[in-house]
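Descriptive structure summary
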Amino acid sequence: QVQLVESGGGLVQAGGSLRLSCAASGRTFGRTFSSYDMGWFRQAPGNERAFVAAITWNGGETYYADYVKGRFTISRENAKNTVYLQMNSLKPEDTAVYYCAARPRGPWLTVGPNEYPDWGPGTQVTVSS
């Protein structure tokens, strides 16, 4: 497995921005960070964990949930073993714990939480109105 730790969460006002980072470490079966597709998910109290964004192992393809498209940007810097989520134009409904997740790279990106075997502990994002 790959170890993941999120950072960058906090309290912001509606319309503001945050950049989340997810730092990866560790190896399994000879894999490095570039061997993984990465995803961001979020979970608000009482809700199921929901897909936010995903990025391929080399950053060549990204995919976003409709409710963040145009506002959030996922990126990665493999040399730093880090994936980012730039969140702009934040809304109160974006309030949630945000999780970084990893899965072995595949032919296409996936959006189901069950498809990602490795997870970070999450970071809280709170957007006030």
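Use the structure listed above.
Summarised in this report is the structure supplied together with it. Here the structure is a predicted model, which is why all the values come from computation and not from measurement.

1. Describing the sheet that holds strand β3 (residues 18–25)
On the basis of which strands lie adjacent, the open sheet formed by four strands has the order β1-β3-β8-β7 and antiparallel pairing. Only two strands of the sheet have a single partner each, and these edge strands are β1 (3–7) and β7 (72–77). Mean inter-strand twist for the sheet, computed between neighbouring axes without regard to direction, equals 15°.

2. Here we look at unusual backbone geometry
Phi at Asn-81 is positive, roughly 50°, even though this residue is not glycine. As for its placement among the helices and strands, Asn-81 is situated in the loop between β7 and β8 (82–87). At Ser-89, a position not held by glycine, the phi torsion is positive, near 50°. Topologically, Ser-89 is positioned in the loop between β8 and β9 (96–104).

3. Observations regarding the packing of aromatic side chains
Under the criterion given, the structure shown has six aromatic pairs. Look at Phe-41 and Trp-119: their rings are 4.9 Å apart centre to centre, the planes differ by 55°, and that puts the pair in the tilted class. Of this pair, Phe-41 sits in strand β4 (residues 36–43) while Trp-119 sits in strand β10 (residues 118–119), and the two are 78 residues apart along the sequence. Residue classification places Trp-119 among the partly exposed positions, given a relative accessible area of 25%. An aromatic cluster is present here, built from Phe-41, Phe-51, Tyr-63, Tyr-99, Tyr-116 and Trp-119 joined pairwise through their rings. Above the face of the Tyr-99 ring, Arg-49 is positioned so that its terminal group lies 3.7 Å from the ring centre. The ring of Trp-57 carries Arg-105 above its face, with NZ or CZ at 4.3 Å from the centroid.

Procedures and definitions
- Residues numbered from 1 in each chain as written.
- Predicted model: local features only at pLDDT ≥ 70, side-chain atom pairs only at ≥ 80, totals over all residues.
- Heavy atoms only, no water.
- Pairing = 2+ DSSP bridges.
- Helix = DSSP H or I, 4+ residues; strand = E, 2+ residues; numbered from the N terminus.
- Axes fitted to C-alpha atoms, helices over the stretch in contact; angles between N-to-C directions.
- Phe/Tyr/Trp six-rings, centres within 6.5 Å; stacked < 30°, edge-to-face > 60°.
- Buried < 20%, exposed > 50% of the residue type's maximum accessible area, 1.4 Å probe, protein only.
- Lys NZ or Arg CZ within 6 Å of the ring centre and 35° of its normal.

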